[in-house]
Amino acid sequence: MAWQMEESLAAFSALRMKIAGATLVDMNKTLIYDDVGIAIMQYALELCGAHFEMEVQKINASSSVNFISTLLDTLPIHDMLDWNGSGKGFVQKPDAVFQISFATGDGTRNSLLVYYESDAGSKANDKDRKQAARKLYQSTCGCRANNNVLPAISVRANVFVGPEPDIHLAGSAAAELNKVQRSAQNALDFLHALTVAHLWFCCQVCLLVRQKGSFAKLEFSGDVRPQKKYDIHCLIGMIQVVDCPSLTFFQPPHVMANVHSVLYNVAGAAGIKCLFVERFDPTVISDAVRTCMTSNAAHPQSLHGMPTVQDMWRILQSCDEQASLQQAAAPAAAPAVAAAGAAIPPATRFTWSTSGMLVVGSPGPGLANPRVNARQVAVIAQFQQRLEAPNPIGSPGDADWILGKNLVAEYYDAMCAVLHAAFFHAMTWIPVQTPHHNYLLDLKKLKAESKRDVSVLQSRAQSTDLLALGMQNSLGFTQKSSSANLNNMCMESLFDSLPLIDPVLETYIATFHAPNIALFLRLIRCTNLLAFEHLAKTNRGVDLKDAFQKRLRHFPVGTSADLDYIMQYTISNAKNVHSIYLKPSKTPVLQSANVTHSTEYAWMYDLLNSISEAPSNDLDSMLPKSPLFRKFLLCHKTVYKMFHSIVILAPVNNDRHPQVITDADKRAVFQRIIRALMRQTVMYFIDVVDRHVEIDFQLRRDEHRNDVVNYDEIQNLRGLQADGVGEESDRNLRNRLLHGQIKFTRLTWPLRDLNLFTRISLPIVIDTPSGKTVTYPGNRSFCHTGDMHEEERQ
């Protein structure tokens, strides 16, 4: 399993590096609203398909194609419901449906479907929310019709609203961006976060096909029945849903489905929340129907899982088969005799109320508006003939088949109502009391920035590239003539020895097919595209003109002309420069808690969280953002081995039999070790006295922000005399503290690890007249003072 986890992490890391900011800009430039989300999903799937050697295809031409037309109109599901009918919300049109084709272990080809919904605005009205519930249910039915082995998969993404942008840019970057540029940058960062989230989910889906990754073996606490299977419905972005532990379908005896909601924290990605809905097990249908129809009583236990339309038809057809068996076992009845001139009514083979309804219950309220004076089909349905599917698919069915479609339609509507009440009725796309930002205006500004006039640039791009002209390394001579004269040799030496320039600037210059320009920019240390833009505006000034022309004298005349042309183009198309230069802001790559990790990492992460989630002091709360936390995660394998190598001694407590060491005891000891490594003090170096001083972090942060002298530390600030042996007098010390300039250099962060434990023991509790005391007689640790840490004296 460990190597599979490593493979999963490596696959996602490799895919993440392939995300191109220019591709995201082009998507936003040419597409609008829902289409941006669809394009991101297709982009992520195609990257994953190429990596895992799978074929990816978008199978619906647009979001105006009905659900049943997404590769399902030639399958039996086509005749199981009036998918193109009206009245009960049958007609649903998914935004996008993707097919992933792959090779199986036996060499055959198989496929799965992924249904995708892109929300470009809030689902504020109830009609949209009802559609969301129906689409989730239909996607489950569609996936199951295509592949009944793998889970049903659907994705819904919020492509407009996200967390507030980070305004704390590094260095002076914020000062160099105007309002429009910052807005465009925010939009690109938002698109990048959405793409990372889509890419992670698609990567996990592809790994699932190979029985790897986070979705390969889903196990949840509280599951009493082994081998449960779950469908996966993913919510990407700022979509908030109330956690629902289970779904209850229909009236008693009900059908129950467990639901697990899991939030995946992927670094640099938009929010990813997966709803795992328990799959219905069709293998129990036959026995359940036989039990109920034989006893004429409701099923003693609720069935489990969310039934699809196909499952409801299996129940109906199983009732039909059981009715045939009962008729065959019953004694032959006398032929019916009708009155003269009257038709003989067909005999009823079975009624739903005394067969299938005993298994799953009556449908109950549905999602569609009830019709006036309409009778519930489930109550009155009687079947006379054997249920025969239309042949060929799509042809009209007989009366009993049509009755079955109407019956299943009521259960379809009831299940959609349950999904609506459980998830979508209270779901919010624009969160309340949560910091958020609507990126619609930012996306529009990014679109405007990226729609630039590139006709001149494209004209230069049509010219023959330098390599085809025989010029190596974009220099103005051929490889054979590199040592033909001193000038060429100098150029070659400069190319090998000068610092490099930013790849974005290098790519921009290369588009003009102009030799020597990149080398010249390296010579004058113009390292990035924005610096080049500023140089283009200022190089004719008095301060720069002479120095600029002096450097150009070493290059051919054509280089000077090319450089002048590129600068003129850059000045007149400043927006183009900023649009090209846009790329996602760098985000810290932090390890995620519940994404596929090694056992050691997950154990270490859980242990650290157990301290911060139940803090005993301020330091415990600070742990998740401390360097110590990162150090533990970076060294998780070594720390895991170290902790599990510790021998814990149980105190005797005046008993011959030592106390039994439990897992809770071990965890408490491990927590105490970590707490002992967390120090409130910060080490400073004071150069004028050549001393290291420990000062309370909280005190210095709250009261001594300007690094003034801490008068409580007079002894630590006492300098040495010239001989290096004796210390300065009290008079000299006070005079220096009053008049001298003392510089503090911080050497460590709070929560650093200074203790070394050599032996650990459990506490001994001793009852005394004044109360209980706790000691750790077996502990041995070394601090900078040689004393035991306060955590060991508790």
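It should be emphasised that the depicted structure is a prediction, and the values quoted were computed from it without experimental measurement. (Residues numbered from 1 in each chain as written. Predicted model: local features only at pLDDT ≥ 70, side-chain atom pairs only at ≥ 80, totals over all residues. Heavy atoms only, no water.)

Chemist: Got a sec to walk through helix α24 (residues 636-645)? Specific residues and values, please.
Modeler: Helical periodicity: at 3.6 residues per turn, an α-helix aligns residues three or four positions apart in one direction. Taken residue by residue, α24 has His-636, Val-639 and Phe-643 as its buried positions. Seen along its axis, α24 keeps its buried residues to an arc of 65 degrees; they face one direction. More than 90 degrees from the buried face of α24, the exposed residues found are Thr-638, Lys-641 and Ser-645. In this structure, the buried side of α24 is in contact with α21 (599-613), α23 (627-634) and α25 (663-676). (Buried < 20%, exposed > 50% of the residue type's maximum accessible area, 1.4 Å probe, protein only. Helix = DSSP H or I, 4+ residues; strand = E, 2+ residues; numbered from the N terminus. Arc of directions from axis to C-beta. Contact = heavy atoms within 4.5 Å.)

Chemist: Run through the pattern of salt bridges, naming residues and quoting values.
Modeler: Throughout the structure, instances matching the rule amount to 15 salt bridges. One salt bridge connects Asp-126 with Lys-130, and the closest N-O pair in it is separated by 3.9 Å. Taken together, the residues span about one helical turn, with Asp-126 and Lys-130 both in helix α4 (residues 126-146) at a distance of four residues. Given the relative accessible area of 33%, Asp-126 is considered partly exposed. Across the salt bridge formed by Asp-606 and Arg-667, the nearest N and O atoms sit 2.8 Å from each other. Taken as a pair, Asp-606 in helix α21 and Arg-667 in helix α25 lie far apart in primary sequence, 61 residues in all. Classification of Arg-667 as partly exposed rests on a relative accessible area of 29%. Bridged by salt links that share partners, the residues Arg-144, Asp-231 and Arg-279 form one connected network. (Salt bridge = Lys/Arg side-chain N within 4 Å of Asp/Glu carboxyl O.)

Chemist: Account for unusual backbone geometry, naming residues and giving values.
Modeler: Residue Pro-252 is joined to Pro-253 through a cis peptide bond whose omega torsion reads 15 degrees. Mapped onto the secondary structure, Pro-253 falls in the loop between β7 (246-249) and β8 (255-264). Phi is positive for Glu-53, which is not a glycine, with a value near 60 degrees. With respect to the element layout, Glu-53 can be found in the loop between α3 (34-52) and β1 (55-58).

Chemist: So, the packing of helix α8 (residues 309-329) against helix α11 (residues 399-424): which residues are in play, and what are the values?
Modeler: Running from amino to carboxyl end, α8 crosses α11 at an angle of 135 degrees, the nearest separation of the two axes being 10 Å. Between α8 and α11, the interaxial angle falls into the category oblique. Classified by chirality, the crossing of α11 by α8 is right-handed. Of α11, the residues touching α8 (which contributes Val-309, Met-312, Trp-313, Leu-316 and Gln-317) are Trp-401, Gly-404, Lys-405, Leu-407, Val-408, Tyr-411, Tyr-412 and Met-415. Of the residues assigned to the contact of α8 with α11, the class counts are ten nonpolar, two polar and one charged. (Axes fitted to C-alpha atoms, helices over the stretch in contact; angles between N-to-C directions. Parallel < 35°, antiparallel > 145°, perpendicular 65-115°, else oblique. Left-handed = near helix turned anticlockwise from the far one by under 90°. Nonpolar A, V, L, I, M, F, W, Y, C, P; charged D, E, K, R; others polar.)

Chemist: Can you break down the nonpolar core residue by residue, with the values?
Modeler: Counting 75 residues, the largest nonpolar core has Leu-247, Val-309, Trp-352, Tyr-411 and Phe-423 as its most contacted members. The dominant element in this core, judged by the number of residues it contributes, is α11, at 15 residues. If near-sequence neighbours (up to four positions away) are discounted, Trp-352 is found in contact with Met-312, Ile-315, Leu-316, Cys-319, Met-357, Val-360, Ala-378, Ala-381, Leu-407 and Tyr-411. Met-27, Phe-160, Cys-203 and Leu-443 belong to the second-largest nonpolar core, a separate cluster that totals 70 residues. (Core = buried A, V, L, I, M, F, W, Y, C linked by side-chain atoms within 4.5 Å.)

Chemist: Please give an account of empty space enclosed by the protein that cites residues and values.
Modeler: Summed over the entire model, instances satisfying the criterion amount to four cavities of 30 Å³ or more. Approximately 160 Å³ is the volume attributed to the largest cavity. Lining of the largest cavity is provided by 18 residues; of these, Glu-117, Lys-135, Leu-136, Ser-139 and Ser-154 occupy positions nearest its centre. Broken down by secondary-structure element, the contributors of at least two residues to the lining of the largest cavity are β3 (109-119), α4, β4 (153-158) and β6 (230-236). Examining the composition of the lining of the largest cavity, we find that four residues originate from one element, α4, more than from any other. (1 Å grid on protein atoms, 1.4 Å probe; cavity = no way out; pocket = protein on both sides within 12 Å on 5 of 7 lines; lining within 4 Å. Points joined across faces, edges and corners; volume = space filled by probe spheres on them.)

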